[in-house]
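Residue strings, one per chain:
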Amino acid sequence: MSEIEFLHQIRPIWLNRITLNLAKASGIRQNVRDQMEDFFDRLEQFLETGDTSWLDPILKSWSEAQTQSDLESGQSDLIPFVESIMLTTHDICREILDPTTANDLMGALLPAFGYAFQTISRFETLAKIDYISNQLDEVRQTLEKLDRSKSDFIAVAAHELKTPLTLIEGYSSMLRDALSNKQFTQEESDLLDGISMGSKRLRSIIDDMIDVSMIDNNLLQLSFQPIWVNRLFAVLETEFQPIIQTRQLTLTLQPFPGSNEMTFGDPERLLQVFRNVLSNAIKFTPDGGRIMVNGRKLPGFLEVIISDSGIGIAPDDQMIIFDKFGRIGNSALHSSSKTKFKGGGPGLGLHIARGIVQSHGGEIWVESPGYDEVTCPGSTFHILIPVHTHPPDDKTAKLFTALQNPT
Ligand code: ADP
C-alpha cells in the first residue's frame, strides 16, 4: 500500500479525534471538522504531488482569522494549534499502523508540517507588521490632531489677549497724560513703569504666539531686502549693551569672511533670530561670562556661530529646545525675565528662530558638551543662512530694479 492509502486509512479516526481535541464546545465542532477535512484533503494532495503550496489557502485563512487581541498579546496561537495537529497525527499513526509504516508516513508528512510552521510564522509576522504600522498611523494622526489644536489654541488665545492688552496700554498712557502736570513721587513713577513694563512683556509674548501660529501654518511671509550680518549684530550690541554691563558679560563680535558682504534676507526676521539666540546666551551664562559671535563663509551659505560660556545643554535636550514650548528643567523654578540669569520664557524663542531660518532656506542647530551649572561647559548655536547676491524672488527683483533704475 502507498503512503496516500495509509493516510486515507487513518482519516476517519483522525477527523474525529482532532475535532474533539480542538473543539471542546459542541457549537463550533462542525466548523472545526470542516476545516480539518479541508486540511486533510490538502495533506493528501501534498503527498500525491510533493507540492507544499497546496496548504497555502488554509494556512492563510487561519492566519487572517487572528483576532485583534491575538495580535495585541504578541503570542502565537497558531503554532501550538498546528503542533497539536501534528502530534495527534503522530499518535494515531502509531496506534493504527505498524511502527515502520507509521514512521514512513510521518516522515513523508514532515515536510508538509515544516512548511506549515514556516508559512504561519511568515503570515503572522506580516499580520503583526500590518497591525503595528496601523497603530503607528493612528498615533501619528492623533499627534497631528493634537498639534493642530495646540496651534489653533495659540492663535485664538493670542488674538483674544491682544484686545484687553491694547486697552491696558491705552489707559496707562492716558493716565500718564492726564497726570502729566503732576510731579510724581518715586513710588508713583515706579508703579506706572511697572504697568508699562508688564504690558510690553505681555505684548512680546503675544507677538511670539502669533509668530508660532504663522510658522506652524506656513503663513510666515518674508520681506527680502539687502542685509549685512555684521550690521544686524551691531544693532543688537547696542540693544543689549545695558544688560551686558549690568551682568558684567563680555560680548565679542568677531568679524568673519562674508559678515560684511551683502546678501538678501528679511532683516526684521533675521534680527529676531539673532536676538532670540543672543538673549538666551545672556540668560544662560552666569554674570562675568563670555559670549562670542563668529562665523564662516561656506559655498552658498553664511554660517553664524554664537557661543557662550554658560550652563550648557544636555545632549537629550538639544533637539527638544527647538520644539514649541521646548523649555527644559522645572518651569516652577524659572523666573520670568528676558535677560536675568536663568530667566525663563514660554519656550517659543528657538521654535520661532528655527521657523524663520528654515523659511530662508537655512538651518539652525546647537552643540554643547552637556549641562552643568558648576563647570559651565557652554553652548554653541550654528545658524546657516543661504547667500543670495541677487533678489531671491520676482517681487523683490521687481522692487529692486525699480529702485536701482528710477525713472
Ligand atoms: P525660552 O523662552 O525658555 O528662552 P527658548 O525657545 O528660547 O525658550 O529656549 C528653550 C530652552 O532652551 C530654554 O528654556 C533653555 O532651557 C534652553 N537654552 C536655550 N539657549 C540656551 C543657552 N545658550 N544655554 C543653555 N540653555 C539654553
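Quantities reported herein were computed from a predicted structural model and do not represent experimental measurements. (Residues numbered from 1 in each chain as written. Predicted model: local features only at pLDDT ≥ 70, side-chain atom pairs only at ≥ 80, totals over all residues. Heavy atoms only, no water.)

Student: Account for the overall build of the protein chain, with residues named and values stated.
Tutor: A count of helices and strands for the protein chain gives 12 helices and nine strands. Taking 407 residues into account, the globule formula puts the C-alpha radius of gyration at 22 Å, and the protein chain, at 37 Å, lies well above it. Per-residue burial for the protein chain yields a buried fraction of 38% across its 407 residues. Element-wise, carbon and sulfur atoms account for 56% of the exposed surface of the protein chain, whose accessible area totals about 22,900 Å². (Helix = DSSP H or I, 4+ residues; strand = E, 2+ residues; numbered from the N terminus. Rg over C-alpha atoms; globule rule 2.2 N^0.38 Å. Buried < 20%, exposed > 50% of the residue type's maximum accessible area, 1.4 Å probe, protein only. Areas by Shrake-Rupley, 256 points an atom, 1.4 Å probe, with all protein chains shown as cover.)

Student: So, the domain arrangement of the protein chain: which residues are in play, and what are the values?
Tutor: Under the domain assignment, the protein chain is made up of domain 1 (1-219) and domain 2 (225-399). Inter-centroid distance (C-alpha atoms) of domain 1 to domain 2 is 42 Å. Residue-level contacts link 14 residues of domain 1 with 15 residues of domain 2. Buried surface at the junction of domain 1 and domain 2, summed over both partners, amounts to about 1,100 Å²; 61% is from carbon and sulfur atoms. Of all residues in domain 1, Arg201, Asp208 and Ile215 bury the most surface against domain 2, accounting for 43% of the area lost on that side. Our count for the domain 1 to domain 2 interface comes out at three salt bridges. In this structure, aspartate 211 and arginine 269 form a salt bridge, with 3.1 Å as the shortest nitrogen-oxygen distance. (Domains from an automatic or database assignment. Contact = heavy atoms within 4.5 Å. Buried area = accessible area lost by both parts, 1.4 Å probe. Salt bridge = Lys/Arg side-chain N within 4 Å of Asp/Glu carboxyl O.)

Student: With reference to specific residues and values, describe the packing of helix H2 (residues 29-49) against helix H6 (residues 99-178).
Tutor: Between H2 and H6, the least distance of the axes is 10 Å, while the angle of their chain directions is 105 degrees. Comparing their axes, H6 and H2 come out roughly perpendicular. Listed contacts from H6 to Phe39, Leu43, Phe46 and Leu47 of H2 are Leu105, Ala108, Leu109, Pro111, Ala112 and Phe113. Counted by class, the contact of H2 with H6 contains 10 nonpolar, no polar and no charged residues. (Axes fitted to C-alpha atoms, helices over the stretch in contact; angles between N-to-C directions. Parallel < 35°, antiparallel > 145°, perpendicular 65-115°, else oblique. Nonpolar A, V, L, I, M, F, W, Y, C, P; charged D, E, K, R; others polar.)

Student: Tell me about the pattern of salt bridges, residues and numbers included.
Tutor: Under the counting rule described, the total for this entry stands at 17 salt bridges. For arginine 203, the salt bridge is made with glutamate 169, and the minimal N-O distance between the two is 2.9 Å. Taken together, the residues span a long stretch of sequence, with arginine 203 in helix H7 (residues 186-216) and glutamate 169 in helix H6 at a distance of 34 residues. Look at arginine 203 and you get partly exposed, because its relative accessible area is 22%. Overall, glutamate 169 belongs to the partly exposed group, its relative accessible area being 24%. When the shortest N-O distance is used, the salt bridge between aspartate 216 and lysine 324 registers 2.6 Å. A residue pair is termed long-range when its members are at least 10 positions apart, and aspartate 216 in helix H7 and lysine 324 in the loop between helix H10 (317-320) and strand E6 (335-336) qualify at 108 residues. The class of aspartate 216 is partly exposed, set by a relative accessible area of 25%. On the basis of relative accessibility, which here comes to 10%, the residue lysine 324 falls in the buried class. Via salt bridges that share partners, Arg11, Asp41 and Glu44 belong to a single interconnected network.

Student: Explain the site of the ligand residue by residue, including any values.
Tutor: As a matter of local geometry, the ligand sits amid 19 residues, with Asn280, Lys283, Asp308, Gly347 and Leu350 nearest to it. Backbone polar atom of glycine 347 to an oxygen atom of the ligand: 3.0 Å apart, as the coordinates give it. At 3.4 Å from a nitrogen atom of the ligand is found a side-chain nitrogen or oxygen belonging to serine 379. Computed on the free molecule, the ligand has an accessible area of 540 Å², of which 96% lies beneath the protein chains in the complex. Of all the secondary-structure elements, those providing two or more residues to the shell around the ligand are helix H9 (267-283), helix H11 (349-359) and strand E9 (379-386). Per-element tally for the shell around the ligand: the top contributor is H9, with three residues. Split into classes, the residues belonging to the shell around the ligand amount to nine nonpolar, seven polar and three charged. (Near = heavy atom within 4 Å. Polar contact = N/O pair within 3.5 Å; in protein donor to acceptor, adjacent residues only side chain to side chain.)

Student: Hey, could you go over the side chain of glutamate 44 for me, with residue numbers and the actual values?
Tutor: Mapped onto the elements, glutamate 44 comes out in helix H2. Contacts of glutamate 44, omitting those with residues within four sequence positions, involve Leu7, His8 and Arg11.

Student: Go over the packing of helix H3 (residues 56-64) against H6 with me, naming the residues and quoting the values.
Tutor: Interaxial distance between H3 and H6 falls to 10 Å at its minimum, and their mutual angle equals 40 degrees. When the axes of H3 and H6 are compared, the pair comes out oblique. Regarding H3 and H6, the two cross each other, and that crossing is right-handed. Contacts between H3 and H6 involve Asp56, Leu59, Lys60 and Ser63 from the former and Tyr115, Ala116, Thr119, Ile120 and Phe123 from the latter. Taken together, the residues that form the contact of H3 with H6 break down as five nonpolar, two polar and two charged. (Left-handed = near helix turned anticlockwise from the far one by under 90°.)

Student: Account for the sheet that holds strand E2 (residues 250-253), naming residues and giving values.
Tutor: Spatially, the five strands line up as an open sheet ordered E2-E4-E5-E9-E8, and their pairing is mixed. The strands lining the two open edges of the sheet, one partner per strand, are E2 and strand E8 (363-367). Here the strands of the sheet are splayed against their neighbours by 15 degrees on average, with no regard to which way each runs. Alignment of E2 against strand E4 (residues 290-298), held across four bridges, turns out to be parallel. If you follow leucine 251 over to E4, its bridge partner there is isoleucine 291. Across the sheet, H11 touches E8 and E9, and the angle it forms with E8 is around 135 degrees. (Pairing = 2+ DSSP bridges.)

Student: Break down the pairing of E9 for me, citing the residues and quoting the values.
Tutor: Note on strand geometry: in a regular strand, side chains alternate between the two faces of the sheet. For E9, the tally of buried residues reaches seven of eight residues, placing the bulk of the element in the interior. Relative to E9, strand E5 (residues 301-308) runs antiparallel, the two being bridged by eight bridges. Looking at the pairing, valine 304 lines up with isoleucine 383 of E9. Relative to E9, E8 runs antiparallel, the two sharing five bridges. By the bridge assignment for E9, glutamate 363 is matched with leucine 384.

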